[in-house]
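Coordinate analysis (summary)
Here are the chains, one letter per residue:
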There are 4 protein chains.
Amino acid sequence: MTLRNHLRLALDGQHPRLGRTVEFALLTLIIVSAIGMGIETLNGLPPGIYAFFAGLEVFVVTAFALEYGLRLTVSDQPLRYARSFYGIIDLISFLPTLVGLLLTGSALDGRAIRTLRLFRLLRLLKIVRYANAADRLREAWRLVRDEVIVFGLAALIVLYVCALIIYQFENEAQPEAFSSVFSAMWWAAVTLTTVGYGDIYPITAMGRIFTVVMLFVALGIIAIPTGLVASAMSELRKRKAGEDRTHPPSEINREPPTRAS
Amino acid sequence: MTLRNHLRLALDGQHPRLGRTVEFALLTLIIVSAIGMGIETLNGLPPGIYAFFAGLEVFVVTAFALEYGLRLTVSDQPLRYARSFYGIIDLISFLPTLVGLLLTGSALDGRAIRTLRLFRLLRLLKIVRYANAADRLREAWRLVRDEVIVFGLAALIVLYVCALIIYQFENEAQPEAFSSVFSAMWWAAVTLTTVGYGDIYPITAMGRIFTVVMLFVALGIIAIPTGLVASAMSELRKRKAGEDRTHPPSEINREPPTRAS
Amino acid sequence: MTLRNHLRLALDGQHPRLGRTVEFALLTLIIVSAIGMGIETLNGLPPGIYAFFAGLEVFVVTAFALEYGLRLTVSDQPLRYARSFYGIIDLISFLPTLVGLLLTGSALDGRAIRTLRLFRLLRLLKIVRYANAADRLREAWRLVRDEVIVFGLAALIVLYVCALIIYQFENEAQPEAFSSVFSAMWWAAVTLTTVGYGDIYPITAMGRIFTVVMLFVALGIIAIPTGLVASAMSELRKRKAGEDRTHPPSEINREPPTRAS
Amino acid sequence: MTLRNHLRLALDGQHPRLGRTVEFALLTLIIVSAIGMGIETLNGLPPGIYAFFAGLEVFVVTAFALEYGLRLTVSDQPLRYARSFYGIIDLISFLPTLVGLLLTGSALDGRAIRTLRLFRLLRLLKIVRYANAADRLREAWRLVRDEVIVFGLAALIVLYVCALIIYQFENEAQPEAFSSVFSAMWWAAVTLTTVGYGDIYPITAMGRIFTVVMLFVALGIIAIPTGLVASAMSELRKRKAGEDRTHPPSEINREPPTRAS
């Protein structure tokens with residue numbers, strides 16, 4: 001077996017000797033890096049901690065860049081990998097931070113890097129690779145994708161229309177709170193998801209009447225997709241576990257009719 | 001083919017040469033007009049922008065008036081179109097703004113126009129014409145219409161009764177917040193939809209006890225219709241996709257019986 | 001036909017000539033009386049309005065007392081009616097207000113009446129008599145009663161335990177807001193129903209951690225009963241409309257077996 | 001019958017003469033103790049009340065310690081009981097308070113006891129033993145455990161990632177409110193459960209846009225497990241009550257095939 005084959009098997013977690021060691025090492029890097037990002041937000045820790053996580057960040061980014069390079073090298077179809085979903089995640093999981101590192105010489109300083117850092121969170125998506133139990137969710141998503149997309153678009157239109165209407169009613173009474181259609185959309189989103197922070201709400205009679213009508217009519221449009229996904233998932237569960245037992249005749253029909261002859 | 005037939009096919013998006021061009025042009029007008037209404041709410045933009053959207057508004061209204069006139073002219077049954085659901089939407093999507101334009105000579109000035117502008121949003125309903133994927137929602141709505149209406153009426157009665165009760169408990173302690181049954185209904189709607197802005201809430205012991213009881217008993221009355229629609233939609237999806245496979249006999253029945261002979 | 005029979009048929013809405021007139025008259029009285037209670041809460045109306053609704057109140061109470069007396073008189077089993085669900089509703093829909101009227105001589109004055117007024121709302125329960133469409137809800141309720149009661153008790157225990165825990169965490173930091181287990185239960189109810197007014201919330205680290213854990217664990221206990229009722233109702237709908245078509249064998253079984261012979 | 005057998009039967013509620021007396025006595029102790037914990041939080045009661053509940057606390061703890069000792073003594077396999085779920089609950093339901101009592105000589109004084117007191121609430125878990133009606137919930141839980149655990153982990157990751165993102169957007173504008181990733185996680189939990197107290201919310205444009213996107217994408221991840229449990233429970237109910245009637249063939253299959261021969 002060539003080194004190239006060894007590397008490919010190791011990166012896929014199927015190496016005979018290394019087994020899943022490489023896979024778990026990469027997964028650990030992702031989680032440690034995510035925890036590091038959280039600790040960086042804390043104030044009042046000893047400076048050594050921040051320095052440690054800055055160093056760790058350099059290490060993690062280097063490791064991911066190395067992994068990406070190796071995957072490209074050992075793959076039979078490098079271009080296909082580079083354009084696949086996981087290939088793109090792998091690339092943007094280190095590229096922005098690496099560029100920031102090379103430009104400023106530090107993983108922590110500078111304002112521009114702060115925004116780039118958010119891309120690092122995409123690394124967590126790599127965990128999806130390891131979650132076999134998430135299969136049913138993906139299957140359920142495929143079942144209800146169409147409805148959810150229709151409802152998503154409908155929700156956006158509803159948000160926009162509700163924002164325009166409440167703006168007409170409230171702008172005069174509360175020019176600060178409902179300063180533009182953007183504030184009104186923020187209000188509509190916070191209200192229709194029933195979060196209701198209380199930072200912005202209607203005070204005019206017409207605005208309140210419209211809000212009540214809106215809540216009763218439009219709440220469903222926001223809440224229904226959730227019900228659809230849940231219902232599809234429980235259906236998939238049923239199909240696997242219980243349906244075969246209660247419908248034996250259909251089981252028989254699935255057998256080829258020529259078998260009995 | 002006469003010009004009348006050409007026009008009718010073009011407006012229906014079935015013209016051999018123009019194809020769906022006219023249809024998409026009208027759809028674009030609707031969306032541009034809706035975006036324009038949003039931009040008008042922003043402050044601090046250069047005056048040219050406002051003037052551009054005022055002009056655009058005149059153009060859109062004229063285009064819709066023209067479309068309405070053409071549809072009336074080319075239709076074989078003009079009266080039937082004028083009284084249909086889409087005919088009425090088409091009419092009120094331009095009439096109020098057109099009247100405002102003719103009376104004041106501008107699409108943007110004046111207080112009366114501001115209210116009329118809300119009718120322009122009805123144009124967005126025209127998009128329903130183009131959303132084939134929304135069929136299943138309409139079908140699901142037909143399935144659960146009765147229950148939703150019963151629950152809608154029940155919700156209104158519950159709101160009113162809860163408002164009357166909380167008014168008795170809270171009016172004395174908070175005469176400003178719970179000033180009348182209308183404020184109390186606003187509170188009941190915001191509470192039962194679980195939005196809970198926090199602008200108005202009970203402070204007396206009896207009011208709080210009643211609120212907790214109300215939430216536990218009445219929350220279902222508001223939340224159930226959503227579950228009903230979601231359940232009906234997932235049932236329709238199942239019927240189309242999965243039921244055929246598990247119940248092969250019904251598949252056979254759909255084939256013409258003469259085909260086998 | 002005797003006068004007694006005439007009256008009985010009229011009260012049941014089955015009189016050949018009066019038809020449903022009496023029934024609709026009684027229903028109108030209920031609704032007018034409920035609307036009157038709302039108008040009484042408004043301030044700044046001309047005094048004549050208040051006087052009118054005070055008079056109306058006397059009239060409504062008298063009418064309901066008369067109706068109750070007549071129903072008792074014409075019934076073949078007066079005691080059975082008096083102890084039935086509707087008999088009790090009929091009685092308490094007028095008795096408290098009547099007693100208040102006789103004691104103080106007015107339907108509107110006095111503090112004692114204010115509390116008695118709440119009983120008047122029970123009249124609205126009479127509408128249940130006229131809502132044929134609510135049958136499916138009653139049937140669904142019978143299906144899920146056991147689960148809902150178990151969940152209701154569980155919800156009460158959860159509320160109490162959560163209140164005791166948050167009290168230990170927050171009482172020291174916020175002795176005003178979390179002054180006793182009652183305030184803490186108010187917080188728990190407002191939080192677990194996701195209303196979240198924002199009048200009272202944890203500020204200590206432990207209190208916040210507990211709140212997050214509580215929300216994730218206990219939210220289901222509050223939300224599940226709603227899902228159960230919705231699911232039972234959609235099942236009943238399916239059973240009536242769709243199940244017969246997709247399971248023809250069970251249809252055959254319902255026919256008498258002797259029919260084929 | 002030996003005394004040991006008498007005791008064992010009495011503790012299990014199966015004693016021929018004592019019947020369920022001991023069982024109900026223990027259940028009463030649990031409830032009285034829980035009520036006592038609530039009353040201790042009230043201020044302004046006569047000192048005698050507090051003394052009474054302090055004494056009751058000593059009595060309850062002694063009774064539970066006695067019960068635990070007896071169960072250990074009469075059991076054929078004391079170690080198996082001690083390591084069972086109920087054995088551990090029985091132990092921690094009195095041990096912390098007993099240790100506190102022995103160390104400080106009082107059930108009510110001292111700060112350390114205050115925290116230990118929370119363990120007393122675990123006694124309420126003993127009620128689970130007596131709730132036969134909760135069986136279906138346990139069965140439903142077994143059906144959907146896998147999905148709920150996957151969603152629980154997903155929810156934790158989502159909370160953490162959302163907290164990191166909103167921190168980057170809001171920390172500069174609101175250094176007090178979004179002081180660290182912990183405050184941001186508190187915000188994320190309160191927002192994604194739609195509680196929305198309003199004590200902490202985004203004010204920057206980017207933070208608000210992210211919040212709206214987050215709510216639409218991530219709300220489902222929090223809400224779906226509830227739907228799954230509800231759906232599983234209604235399925236179990238159906239299986240018991242209705243499925244047999246509508247699918248008679250499967251009924252037949254359950255009978256032993258040798259019966260007809």
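Note that this is a predicted model, so its numbers are computed, not measured.

**A few points about the overall build of chain A**
When helices and strands are counted, chain A shows twelve helices and zero strands. In sequence order, the secondary structure elements of chain A are arranged as α-α-α-α-α-α-α-α-α-α-α-α. Among the 261 residues that make up chain A, the fraction classed as buried is 47%. Counting contacts in chain A only where the partners sit at least 6 residues apart, residues at least 24 apart contribute 62% of the total. Looking at chain A as shown, the accessible area adds up to about 13,200 Å², and 67% of this sits on carbon and sulfur atoms.

**Description of a nonpolar patch on the surface**
A cluster of nonpolar side chains, namely A:Met206, A:Ile209, A:Val213, A:Phe216 and A:Val217, defines an oily patch on the protein surface of about 470 Å² accessible area. Residue position: A:Val217 is located in helix H10 (residues 205-241).

**Quick look at the packing of aromatic side chains**
Counted by the stated rule, this structure contains 28 aromatic pairs over all chains. For the ring pair B:Tyr68 and B:Phe94, a centre distance of 5.5 Å and an interplane angle of 55° mean the geometry is tilted. One end of the pair, B:Tyr68, is in helix H3 (residues 47-74); the other, B:Phe94, is in the loop between helix H5 (85-92) and helix H6 (95-104), and 26 residues separate them in sequence. An identical accessibility class is assigned to B:Tyr68 and B:Phe94; each is buried. Between the aromatic rings of C:Tyr201 and D:Tyr197, the centroid separation amounts to 5.6 Å while the plane-to-plane angle is 35°, which identifies the pairing as tilted.

**Here we look at the nonpolar core**
Core analysis: the biggest nonpolar cluster contains 148 residues, and A:Trp187, B:Trp187, C:Trp187 and D:Trp187 have the highest contact counts within it. Tallying contributions element by element places helix H8 (residues 135-170) of chain B first for this core, with eleven residues.

**Overview of helix H3 (residues 47-74) of chain C**
Its 28 residues place the ends of H3(C) 41 Å apart at the C-alpha level, agreeing with the 40 Å of an ideal helix rising 1.5 Å per residue. Within H3(C), burial applies to C:Phe53, C:Ala54, C:Leu56, C:Glu57, C:Val60, C:Val61, C:Ala63, C:Phe64, C:Glu67, C:Tyr68, C:Arg71 and C:Val74.

**A word on the packing of helix H1 (residues 3-11) of chain C against H3(C)**
Relative orientation and spacing of two packed helices are given, respectively, by the angle between their axes and the distance between those axes. Residues and elements named next belong to chain C. Packing of H1 against H3 leaves a shortest axis separation of 10 Å and a crossing angle of 125°. By the criterion of interaxial angle, the relationship of H1 to H3 is oblique. H3 is crossed by H1, and the crossing has left-handed handedness. Of the residues in H3, those touching H1 at Arg4, Leu7, Arg8 and Leu11 are Glu67, Leu70, Arg71, Thr73 and Val74.

**Observations concerning helix H2 (residues 21-40) of chain D**
Taking 1.5 Å as the rise per residue, H2(D) with 20 residues should run 28 Å; its terminal C-alpha atoms sit 28 Å apart, in good agreement. When we look at burial in H2(D), the residues that qualify are D:Glu23, D:Leu26, D:Leu27, D:Leu29, D:Ile30, D:Ser33, D:Ala34, D:Gly36, D:Met37, D:Gly38 and D:Glu40.

**Details of the pattern of salt bridges**
Taken as a whole and judged by the stated rule, the model has 20 salt bridges over all chains. Two residues, C:Arg8 and C:Asp76, come together in a salt bridge whose shortest N-O distance is 3.0 Å. On the criterion of sequence distance, the pair formed by C:Arg8 in helix H1 and C:Asp76 in the loop between H3 and helix H4 (78-83) is long-range, its members being 68 residues apart. One connected set of salt bridges, linked through shared partners, spans A:Arg4, A:Arg8 and A:Asp76.

**A short note on the side chain of B:Thr41**
All names here are of chain B. Tracing the sequence through the fold places Thr41 in the loop between helix H2 (21-40) and H3. Note on Thr41: relative accessible area 1%, which makes it buried. Side-chain polar atoms of Thr41 contact the backbone oxygen of Gly38, separated by 2.5 Å.

**Some thoughts on unusual backbone geometry**
Of note, A:Thr194 is a non-glycine position whose phi angle comes to about 60°, a positive value. Along the chain, the position of A:Thr194 falls in the loop between helix H9 (181-192) and H10.

**Digging into the confidence of the model for chain A**
Summing up the model confidence of chain A, the mean pLDDT is 75 and the portion of residues at 70 or higher is 68%. Here the complex is predicted with pTM 0.78, and the ipTM for its interfaces comes to 0.76.

**Here we look at the environment of B:Phe53**
Residue and element names in this part refer to chain B. In this structure, Phe53 sits in helix H3. Linking Phe53 and Leu215, residues 162 residues apart in sequence, is a C-alpha distance of 47 Å. Phe53 has contacts with Gly36, Ile39 and Glu40, leaving out every residue within four places of it along the chain.

**So, the environment of A:Ser93**
Within the secondary structure, A:Ser93 is located in the loop between helix H5 (85-92) and helix H6 (95-104). Sequence-wise, A:Ser93 and A:Leu27 are 66 residues apart; in three dimensions their C-alpha atoms are separated by 13 Å.

**Comments concerning the packing of H2(B) against H3(B)**
All names here are of chain B. The N-to-C vectors of H2 and H3 enclose an angle of 145°; their axes lie 10 Å apart at closest approach. Considering only the axes of H2 and H3, their crossing is left-handed. Residue-level inspection shows Leu26, Leu29, Ile30, Val32, Ser33, Gly36, Ile39 and Glu40 of H2 in contact with H3, the latter providing Ile49, Tyr50, Phe53, Leu56, Glu57, Phe59, Val60, Ala63, Phe64, Glu67 and Arg71. Here the residues of the contact of H2 with H3 sort into 13 nonpolar, two polar and four charged.

Rules used throughout
Residues numbered from 1 in each chain as written. Chains lettered and ligands numbered in written order. Predicted model: local features only at pLDDT ≥ 70, side-chain atom pairs only at ≥ 80, totals over all residues. Heavy atoms only, no water. Helix = DSSP H or I, 4+ residues; strand = E, 2+ residues; numbered from the N terminus. Buried < 20%, exposed > 50% of the residue type's maximum accessible area, 1.4 Å probe, protein only. Contact = heavy atoms within 4.5 Å. Areas by Shrake-Rupley, 256 points an atom, 1.4 Å probe, with all protein chains shown as cover. Patch = residues over 30% accessible without salt bridge, like charges linked within 9 Å, V, L, I, M, F, W, Y side chains within 5 Å. Salt bridge = Lys/Arg side-chain N within 4 Å of Asp/Glu carboxyl O. Phe/Tyr/Trp six-rings, centres within 6.5 Å; stacked < 30°, edge-to-face > 60°. Core = buried A, V, L, I, M, F, W, Y, C linked by side-chain atoms within 4.5 Å. Expected span 1.5 Å × (residues − 1). Axes fitted to C-alpha atoms, helices over the stretch in contact; angles between N-to-C directions. Parallel < 35°, antiparallel > 145°, perpendicular 65-115°, else oblique. Left-handed = near helix turned anticlockwise from the far one by under 90°. Polar contact = N/O pair within 3.5 Å; in protein donor to acceptor, adjacent residues only side chain to side chain. pLDDT = per-residue confidence, 0-100. Nonpolar A, V, L, I, M, F, W, Y, C, P; charged D, E, K, R; others polar.

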